[in-house]
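Here are the chains, one letter per residue:
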Amino acid sequence: MAIPFLQVARVGAYVVKQHLSGNKRYPLALMLEPLFRCNLACNGCGKIDYPDEILNQRLSVAECLGAVDECGAPVVSIAGGEPLLHRDMPEIVKGIIARKRFVYLCTNALLMEKKLDQYEPNPYFVWSVHLDGDQEMHDHAVSQEGVYDRAVAAIRAAKARGFRVNINCTLFNNAEPEKVAKFFDSVKDIGVDGITVSPGYAYERAPDQQHFLNRNKTKQLFRDILQRGRNGRNWAFSQSTLFLDFLAGNQTYHCTPWGNPARTVFGWQRPCYLVGEGYVKTFKELMDTTDWDAYGTGNYEKCADCMVHSGFEATAVADTIAHPLKALGVSLRGVRTSGPMAPDIPLDKQRPADYVFSKHVEIKLEEIGRSKAKAANDAAARKAAAAGH
């Protein structure tokens, strides 16, 4: 089973509690980004296009655990950048586990084997290794040769020590269904426990924009892939069956951006993990002051082609709770990969994109500058006071 029963039970109980209390907006997974710095420079990544002053920023242990407490989500996905570059990451992970939250530590695995001794197997802990296909596909995606082999070696080493290991796989429009299906077959031999798969999202400043998928291409790609694996039943996905059904064009879903709130070095990111259009200091402020209706497919141009799990998995989970028999049917039959697709959301009333990346970078740089100036002034004051004595 790709998702352990303990996680299914605890997350399910959490979601049911939210529904019974009448809470329509609640977080399912916290997307925690303690840093943006990475030891790779993938063409499809929009998380590393920052000045060094920002790439050198780190969330402290207290800030990370404070975000977990503020948010209250049962799952925490630690992303970046490369989280293993954060020297306090073992302490952060231990603190989250102590709170009985499920931790998915996302990594490109270049440092993973070296740092395995700093972590211990735990029912609340999962390594989530970035692996975008077989050797040729993955090394091309990350723009560096040899990364696939190092990732596979790290996965095998982690499995030998008793860790749970998932892979997270992002697919672009050059993905070949037959090759992807064979790759999904092959990860069983590596020992991978679960697969998280998602279409690529067109980050505003990603260097390579031409290979992101639009919604129609996404649906057909996933139909072609899943059909090769008995409609997806051959593979252990760490996602809900209704989300996979959505990827194959069988569900009409609106995104749930508050389902996966993001805490970054900028603050709480508005409106979601993928679209940064403003930042606030607290989770409550994020939930209470964000104009949620201004975002999502059909509402905003930047969201038009998005079908990413961080936006739609929470929608699928809510639908599973509301319609368990539908979800059970898809689970038993597999995802339908032929026939008409569900109607898509019309885009004729969406508002145009507002490109605000540079503005937020400038604000953060000014904040860093003020902080450095204050630190320098404080140090000078202490030195002067010491000289006076």
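In the block above lies the structure referred to throughout.
Only a predicted model underlies this, so the values are computations on that prediction, with no experimental measurement involved. (Residues numbered from 1 in each chain as written. Predicted model: local features only at pLDDT ≥ 70, side-chain atom pairs only at ≥ 80, totals over all residues. Heavy atoms only, no water.)

Asker: Honestly, the overall build of the protein chain in this entry has me stumped. Any pointers?
Answerer: Across its full length, the protein chain holds 14 helices and nine strands. The globule rule puts the C-alpha radius of gyration for 389 residues at 21 Å, and the 21 Å found for the protein chain is close to it. The dimensions of the protein chain, computed from C-alpha atoms along their principal axes, are 80 × 50 × 45 Å. Buried positions account for 54% of the 389 residues belonging to the protein chain. Across the protein chain, contacts joining residues at least 24 apart in sequence account for 76% of those joining residues at least 6 apart. A total accessible area of about 17,700 Å² is found for the protein chain, and carbon and sulfur atoms account for 52% of it. Separation between the mean location of the 47 positive side-chain charges and that of the 44 negative ones in the protein chain comes to 5 Å. (Helix = DSSP H or I, 4+ residues; strand = E, 2+ residues; numbered from the N terminus. Rg over C-alpha atoms; globule rule 2.2 N^0.38 Å. Buried < 20%, exposed > 50% of the residue type's maximum accessible area, 1.4 Å probe, protein only. Contact = heavy atoms within 4.5 Å. Areas by Shrake-Rupley, 256 points an atom, 1.4 Å probe, with all protein chains shown as cover. Lys, Arg positive; Asp, Glu negative; His and termini not counted. Charge placed at Lys NZ, Arg CZ, Asp CG, Glu CD.)

Asker: Help me understand the nonpolar core, please; the structure alone is not making it clear to me.
Answerer: Within soluble globular proteins, side chains that are nonpolar generally end up buried alongside one another. Ranked by size, the top nonpolar core spans 113 residues in total, and within it Ile78, Trp127 and Phe184 carry the most contacts. With seven residues, helix 7 (residues 147-160) is the single largest residue contributor to this core. With sequence-adjacent residues up to four places away left out, tryptophan 127 is seen in contact with Leu84, Leu105, Thr107, Met112, Leu116, Tyr119, Ala158, Phe163, Arg164, Val165 and Asn166. (Core = buried A, V, L, I, M, F, W, Y, C linked by side-chain atoms within 4.5 Å.)

Asker: Help me understand helix 13 (residues 324-333) in this model?
Answerer: All buried positions along helix 13 are accounted for by Ala327, Gly329 and Val330. Along the axis of helix 13, the buried positions cluster into a sector of 160°, meaning they face one direction only. Away from its buried face by more than 90 degrees, helix 13 exposes Leu325 and Leu332. Once helix 13 finishes, glycine 334 follows within two positions and takes phi at roughly 90°, a positive value. (Arc of directions from axis to C-beta.)

Asker: When you look at the packing of helix 3 (residues 61-71) against helix 4 (residues 89-98) in this model, what are you seeing that I'm missing?
Answerer: Each pair of packed helices can be summarised by the angle the axes make with each other and by the distance between the axes. Two elements in contact, helix 3 and helix 4, have axes whose closest approach is 10 Å; the angle formed by their N-to-C orientations is 25°. By the angle between their axes, helix 3 is roughly parallel relative to helix 4. Crossing handedness for the pair helix 3 and helix 4: right-handed. Every residue of helix 4 that contacts helix 3 at Val61, Cys64, Leu65 and Val68 is listed here: Glu91, Ile92, Gly95 and Ile96. Residues belonging to the contact of helix 3 with helix 4 are distributed by class as follows: six nonpolar, one polar and one charged. (Axes fitted to C-alpha atoms, helices over the stretch in contact; angles between N-to-C directions. Parallel < 35°, antiparallel > 145°, perpendicular 65-115°, else oblique. Left-handed = near helix turned anticlockwise from the far one by under 90°. Nonpolar A, V, L, I, M, F, W, Y, C, P; charged D, E, K, R; others polar.)

Asker: Explain the packing of helix 12 (residues 309-322) against helix 13 here, please?
Answerer: Close contact between helix 12 and helix 13 brings their axes to 5 Å; oriented N to C, the two are set at 110°. Between helix 12 and helix 13, the angle falls in the class roughly perpendicular. When helix 12 is examined against helix 13, the residues Asp319, Thr320, Ile321 and Ala322 are found in contact with a partner set consisting of Pro324, Lys326 and Ala327. For the contact of helix 12 with helix 13, the class distribution of residues is four nonpolar, one polar and two charged.

Asker: Explain the sheet that holds strand 1 (residues 29-32) to me, please; I cannot follow it from the model alone.
Answerer: Sheet strands associate in pairs through backbone hydrogen bonding, adopting either a parallel or an antiparallel arrangement. Pairing in this open sheet of nine strands is mixed, and the strands run 6-5-4-3-2-1-7-8-9 from one edge to the other. Strands with a single pairing partner mark the edges of an open sheet, and in this sheet they are strand 6 (194-199) and strand 9 (276-280). Across this sheet, the average inter-strand angle for adjacent strands is 25°, counted without regard to direction. Pairing analysis gives five bridges linking strand 4 (residues 125-130) to strand 5 (residues 164-171), with the strands arranged parallel. Bridging from a neighbouring strand, histidine 130 pairs with asparagine 168 of strand 5. (Pairing = 2+ DSSP bridges.)

Asker: When you look at the environment of arginine 161 in this model, what are you seeing that I'm missing?
Answerer: Topologically, arginine 161 is positioned in the loop between helix 7 and strand 5. Here the alpha-carbon distance between arginine 161 and glycine 229, two residues 68 residues apart in the chain, equals 30 Å. Those residues in contact with arginine 161 that sit more than four places away from it in its chain are Leu116, Asp117 and Pro121. Of note is the side chain of arginine 161, whose polar atom sits 2.3 Å from the side chain of aspartate 117. (Polar contact = N/O pair within 3.5 Å; in protein donor to acceptor, adjacent residues only side chain to side chain.)

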